[in-house]
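# Understanding the architecture of this molecule
Take a look at the letters that make up each chain.
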Amino acid sequence: IGNILLLSPIPILYSLLRKKMPSIKILILMGASISLIIELTQLVINIATDYPSHVVDIDDFILNTIGVTISSVILYLVHKNDYFIKVKQIFRKE
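The text that follows walks through the structure, step by step, so that each part is easy to find. (Residues numbered from 1 in each chain as written. Predicted model: local features only at pLDDT ≥ 70, side-chain atom pairs only at ≥ 80, totals over all residues. Heavy atoms only, no water.)

## Points about the overall build of the chain
Formally: Under the scheme used here, helices are H or I runs from DSSP no shorter than 4 residues and strands are E runs no shorter than 2 residues, and both carry numbers assigned from the N terminus. When we talk radius of gyration, it's over C-alpha atoms, and the globule rule is simply 2.2 Å times the number of residues to the 0.38. Accessibility here uses a 1.4 Å probe with only protein chains present; expressed as a share of the type maximum, an area under 20% marks a residue as buried, one over 50% as exposed, and anything in between as partly exposed. In this analysis, two residues are considered to be in contact whenever any of their non-hydrogen atoms come within 4.5 Å of each other. Residue burial considers only the protein chains on display, and all accessible areas are found by Shrake-Rupley using a 1.4 Å probe. His is not counted here, nor are the chain ends, while Lys and Arg score as positive and Asp and Glu score as negative. To locate a charge, take NZ of a lysine, CZ of an arginine, CG of an aspartate or CD of a glutamate.
Check the secondary structure of the chain and you find 5 helices and 0 strands. Ordered by position from N to C terminus, the α and β elements of the chain give α-α-α-α-α. The C-alpha atoms of the chain give 16 Å as radius of gyration, which overshoots the globular expectation for 94 residues (12 Å, by more than 25%). On the principal axes, the C-alpha backbone points of the chain span a range of 50 × 20 × 20 Å. Considering the chain as a whole, with its 94 residues, one finds that 26% of them fall into the buried category. Pairs at least 24 apart in sequence give 70% of the contacts found in the chain among residues at least 6 apart. Carbon and sulfur atoms form 71% of the exposed surface of the chain, whose accessible area is close to 6600 Å². Distance between charge centroids for the chain: 23 Å, based on 9 positive and 7 negative side chains.

Structure representation (structure tokens):
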């Protein structure tokens, strides 16, 4: 459950910084890219130090991407509500 929750705030935070709501594909691709970078960094550290301190696992990548996908879908459902627009205006101080 930790890997699902790890990257789930990213679509929400990213959409708060943007003027226009990004597409679900962009949000999922961004989350998957960040997860891939994390896993590749762990792999490079393992190879460079010759000490397996971090386990590189495809399950982590998949669960992180699932978390981003769930968060993106929830974001789109909330975005249809006027409440999200009010919260976004507070954060952006328009």
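## Quick word on the environment of serine 15
In plain terms, the rule: Definition of a polar contact: a pair of N or O atoms within 3.5 Å, with one able to donate and the other able to accept a hydrogen when the atoms are protein atoms, and with sequence-neighbouring residues admitted only if both atoms are side-chain atoms.
Here serine 15 is to be found in helix H2 (residues 9-17). You can call serine 15 buried: its relative accessible area is 0%. Between the C-alpha atoms of serine 15 and leucine 75, which are 60 residues apart in sequence, the distance is 8.7 Å. There is a polar contact of 2.9 Å between the side chain of serine 15 and the backbone oxygen of isoleucine 12.

## Some details on helix H3 (residues 24-49)
An α-helical turn contains 3.6 residues, so any two residues separated by three or four positions project in the same direction. Rule in force here: Expected span of a helix, by definition, is 1.5 Å for each gap between consecutive residues, and there is one gap fewer than residues.
The end-to-end C-alpha distance of H3, which contains 26 residues, comes to 38 Å, matching closely the 38 Å that a straight helix rising 1.5 Å per residue would cover. Every buried residue belonging to H3 is among Leu27, Gly31, Ala32, Ser35, Glu39, Gln42 and Asn46, and all of these are buried. Note on H3: the residue one or two positions beyond its end, aspartate 50, has a positive phi of about 55°.

## Quick notes on the packing of H2 against H3
Any two packed helices are characterised by the angle at which their axes cross and by the distance between the axes. Our working definition: Lines fitted to the C-alpha atoms define the axes, with helices restricted to the stretch that makes contact. Angles between their N-to-C directions range from 0 to 180 degrees. By the definition adopted for this analysis, an angle is roughly parallel if under 35 degrees, roughly antiparallel if over 145, roughly perpendicular if from 65 to 115, and oblique otherwise. Throughout, a crossing is termed right-handed when the near helix is turned clockwise from the far one, and left-handed when it is turned anticlockwise from it by less than a right angle. Throughout, the ten residues Ala, Val, Leu, Ile, Met, Phe, Trp, Tyr, Cys and Pro are labelled nonpolar, Asp, Glu, Lys and Arg are labelled charged, and all others, Gly among them, are labelled polar.
Put simply, H2 and H3 touch, their axes get as near as 10 Å, and they point 125° apart. Considering their axes alone, H2 and H3 lie oblique with respect to each other. Handedness of the crossing formed by H2 with H3: right-handed. Along the contact surface, H2 presents Ile10, Pro11 and Tyr14, while H3 presents Leu27, Met30 and Ile34. For the contact of H2 with H3, the residue count by class is 6 nonpolar, no polar and no charged.

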